[in-house]
Amino acid sequence: MLIWFLPLFLFLLLIGLPVFFCLLAAPGALLWLNGQERDLTLLYRNLYNGMDSFPLMAIPFFMLAGELMNRGGITLRLVEFSQALMGHLRGGLAQVNILSSILFAGLSGSAVADTSALGSMLIPAMEREGYSRKFAAAVTAASSVIGPIIPPSGIMIIYAYVMGESVAALFLAGIVPGILVGVGLMVMVRAMADRYELPAARRVVFDTVEIGAMERWFSFGLVRLNLGLLLMQFVPLGEGAGAQMKWLAFLGAVLFAHGLMLGLRRVVSPAFRTICKRAVVPLQTPVLILGGILAGVFTPTEAAAVAVAYALLISFLVLGSMRLADLPQVFSRAGITSAVVLLLVGAAMSFKTVVSLSHAPEQLADFILTLSENPLILLFLINLLLFVVGMFLDAGPAIIILGPILGPVFTDLGVESVHFAIIMCVNLTVGLATPPMGLVLFVAAAVSQERVTTIAKAILPFLAIEIAVIFLITFVPAISLTIPRLTGFLN
């Protein structure tokens, strides 16, 4: 009888009950009807146990870092930088929208935060430039799904927590797929530019943009430090090189980087240099997070806390764009958003308990294997299943429910576990922008004051690109596995 928990869950979802209550009510009701009252305590105890996890602490920290950076005016700097790079193209502001999402993905890891932060600025700006409101909202919603793919990513943290995978490996595996989604969307905008006569942006570089002395020197140091560290990787130091030799090599690399920067000053305009300097501070965030994790300096959870500390430092001391009076609202917004995510994770872990009691994973695995023994055909079918699931269920709960069911099946068939994780995460993330229940569609509708159905029609060409990228990732494993292998995070 317990196997009926899934149809009941879908029924409750379709009649409009919030996902959190669906995840608890459906299995709870069937346990009670089945006379398994003792298991009810296990169900609701797991609601807390599912949230009581050190790795999951990274989620509220990343949420808080994103809120601090948005409030501190960092989002505006990314938009200006994107405008300076791509604003001269036909359909320039649409391209700026997508590039801003790629850059913003390295700060928050949230599609909803991307849609609300960038949409509130870019949708009105695109409308003033001559774009239709539905098109502007559709581009914003479609590009926002890049947020949870490029690290840091909340859903990848959840997947790693549930399936026992390396967070660092998943973060690294998401870099190329996320960039591929962004490039695909840019190609689609370029293809639509002439056909629909999309306008070119009138203003490429803002001449009136200024930069404070503190931020100027902070950016000056960060650029040379990062470039010096990068150049250090090409210095042929032997294994027996001492600390003094390494420091001398690093100093030489930094001086060489300084020379390169002085050479570039002659090529670009002063206004363009100012905009690039203003973008250095926010773009340091993903470098700090990934660099610290890869170097073994801190764990992903500690990296999230470091990101918060960095956001506070630059917002208060470097940029001077925040006051103490702003913090209560920032903490409140981050707390509410984190509570929603963690409650869904806890409820999904409880739901997972009944999944295991019902033996549904074994039955579904047997059914999958009866369809075909060819992993490629099964991956194609599973992509269709995940796409449908993503239309109705949020990515976090879907991963917790389906990950333990599907992951072991495909691992046994020879599919690399990190590869399957990326397939699942990207597919369910695209579901956030897929009608009828795509969450970012509703956020984009609220920001743009446009109807969800109108945005859903306008987003279809972009969804086609994202689906094509999903299948490309599925059947070309090297796209997601190359970077983890090169860095030693994939055995």
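Residues numbered from 1 in each chain as written. Predicted model: local features only at pLDDT ≥ 70, side-chain atom pairs only at ≥ 80, totals over all residues. Heavy atoms only, no water.

> Can you explain the confidence of the model for the protein chain? Please cite residues and give values.
For the protein chain, the mean per-residue pLDDT works out to 83, and 93% of the residues sit at or above 70. Mean pLDDT per element in the protein chain: helix H17 (residues 360-371) is the minimum at 70, and helix H23 (residues 460-475) is the maximum at 93. (pLDDT = per-residue confidence, 0-100. Helix = DSSP H or I, 4+ residues; strand = E, 2+ residues; numbered from the N terminus.)

> Outline the pattern of salt bridges, supporting the account with residue identities and numerical values.
One pass over the full model with this rule turns up 6 salt bridges. With its nearest N and O atoms 3.1 Å apart, the salt bridge here joins Arg333 to Glu67. Here Arg333, found in helix H16 (residues 327-357), pairs with Glu67, found in helix H4 (residues 58-71); they are 266 residues apart in sequence, far enough to count as distant. The exposure class of Arg333 is partly exposed, given its relative accessible area of 43%. Close ionic contact of Arg323 with Asp326 constitutes a salt bridge, the shortest N to O distance being 3.9 Å. Taking the relative accessible area as the measure of exposure, Arg323 reaches 57% and is therefore exposed. Ionic contacts of the salt-bridge type, sharing partners, join the residues Arg71, Arg323 and Asp326 into one network. (Salt bridge = Lys/Arg side-chain N within 4 Å of Asp/Glu carboxyl O. Buried < 20%, exposed > 50% of the residue type's maximum accessible area, 1.4 Å probe, protein only.)

> Could you give an account of the packing of aromatic side chains, naming the residues involved and the relevant values?
What the rule picks out here adds up to 8 aromatic pairs. An angle of 10° between the planes, with centres 6.0 Å apart, marks the rings of Tyr131 and Phe135 as stacked. Given the relative accessible area of 5%, Tyr131 is considered buried. Plain terms: the ring middles of Phe135 and Phe462 are 6.0 Å apart, the flat faces sit at 55° to each other, and that makes the pair tilted. With Phe135 in helix H8 (residues 133-144) and Phe462 in helix H23, this pair connects stretches of sequence that are 327 residues apart. Across this residue pair, the class does not change: Phe135 and Phe462 are buried. One aromatic cluster is present, formed by Tyr131, Phe135 and Phe462 through successive ring pairs. A cation over a ring is seen here: Arg224 above Phe220, with NZ or CZ 3.7 Å from the ring centre. (Phe/Tyr/Trp six-rings, centres within 6.5 Å; stacked < 30°, edge-to-face > 60°. Lys NZ or Arg CZ within 6 Å of the ring centre and 35° of its normal.)

> Can you tell me about the side chain of Thr274, naming the residues and giving the values?
Within the secondary structure, Thr274 sits in helix H14 (residues 270-294). Apart from residues lying up to four places away in sequence, Thr274 is in contact with Val209, Glu210 and Ile211. (Contact = heavy atoms within 4.5 Å.)

> How would you sum up the packing of H14 against helix H15 (residues 300-318)? Please name residues and give values.
In contact at an axis separation of 9 Å, H14 and H15 are set at 155° when each is read in the N-to-C sense. The angle between H14 and H15 places the two elements in the roughly antiparallel class. In this structure, H14 meets H15 at a crossing whose hand is right-handed. On H15, the residues touching Val281, Gln284, Thr285, Leu288, Ile289 and Ile293 of H14 are Pro300, Ala303, Val306, Ala307, Tyr310 and Ile314. Grouping the amino acids of the contact of H14 with H15 by side-chain chemistry returns 10 nonpolar, 2 polar and no charged. (Axes fitted to C-alpha atoms, helices over the stretch in contact; angles between N-to-C directions. Parallel < 35°, antiparallel > 145°, perpendicular 65-115°, else oblique. Left-handed = near helix turned anticlockwise from the far one by under 90°. Nonpolar A, V, L, I, M, F, W, Y, C, P; charged D, E, K, R; others polar.)

> Describe H4, with residues and values.
The end-to-end C-alpha separation of H4 is 20 Å, in line with the 20 Å expected for 14 residues at 1.5 Å each. Buried residues dominate H4, accounting for 10 of its 14 residues. Taken residue by residue, H4 has Ala58, Ile59, Phe62, Met63, Leu64, Ala65, Gly66, Glu67, Leu68 and Met69 as its buried positions. Positive backbone phi, approximately 80°, marks Gly73, located one or two places after H4. (Expected span 1.5 Å × (residues − 1).)

> Can you tell me about the side chain of Thr115, naming the residues and giving the values?
Take Thr115: it is sitting in helix H7 (residues 111-128). For Thr115, the side chain forms a polar contact with the main-chain oxygen of Ala111, separated by 2.9 Å. Ignoring any residue separated from it by four or fewer positions in sequence, one finds Thr115 in contact with Ser120, Thr140, Ser144, Val440, Val443, Ala444 and Val447. (Polar contact = N/O pair within 3.5 Å; in protein donor to acceptor, adjacent residues only side chain to side chain.)

> Summarise the nonpolar core; cite the residues concerned and give the values.
Core analysis: the biggest nonpolar cluster contains 153 residues, and Phe135, Phe420, Ile459 and Phe462 have the highest contact counts within it. If we skip the residues at most four places from it in the chain, Phe420 touches Tyr159, Leu379, Ile382, Leu406, Gly407, Phe410 and Val415. (Core = buried A, V, L, I, M, F, W, Y, C linked by side-chain atoms within 4.5 Å.)

> Residues and numbers for the environment of Ala307, please.
In this structure, Ala307 sits in helix H15. We classify Ala307 as buried; its relative accessible area is 1%. Along the backbone, Ala307 and Pro286 are 21 residues apart, and their C-alpha atoms lie at a distance of 8.6 Å. With residues near it in sequence (within four places) discarded, Ala307 still touches Ala65, Met69, Thr285 and Ile289.

> Break down a nonpolar patch on the surface for me, with residues and values.
Together, Phe367, Leu371, Leu376, Ile377, Phe380, Leu381, Leu384, Leu472, Phe475 and Val476 line one region of the surface with nonpolar side chains, adding up to about 850 Å² of accessible area. Of all the elements in the fold, those that place two or more residues in the nonpolar patch are H17, helix H18 (375-392) and H23. Looking at which element gives the most residues to the nonpolar patch, the answer is H18, with 5 residues. One can find Phe475 in helix H23. (Patch = residues over 30% accessible without salt bridge, like charges linked within 9 Å, V, L, I, M, F, W, Y side chains within 5 Å. Areas by Shrake-Rupley, 256 points an atom, 1.4 Å probe, with all protein chains shown as cover.)

> Go over unusual backbone geometry, please, and point to the residues and values.
Residues apart from glycine generally show negative phi values, whereas peptide bonds are mostly found in trans. Cis rather than trans, the peptide bond between Pro151 and Pro152 has omega equal to 0°. Here Pro152 lies in the loop between H8 and helix H9 (154-163). A positive phi angle, close to 60°, is found at Gln449, a residue other than glycine. Take Gln449: it is sitting in the loop between helix H21 (439-448) and helix H22 (452-458).

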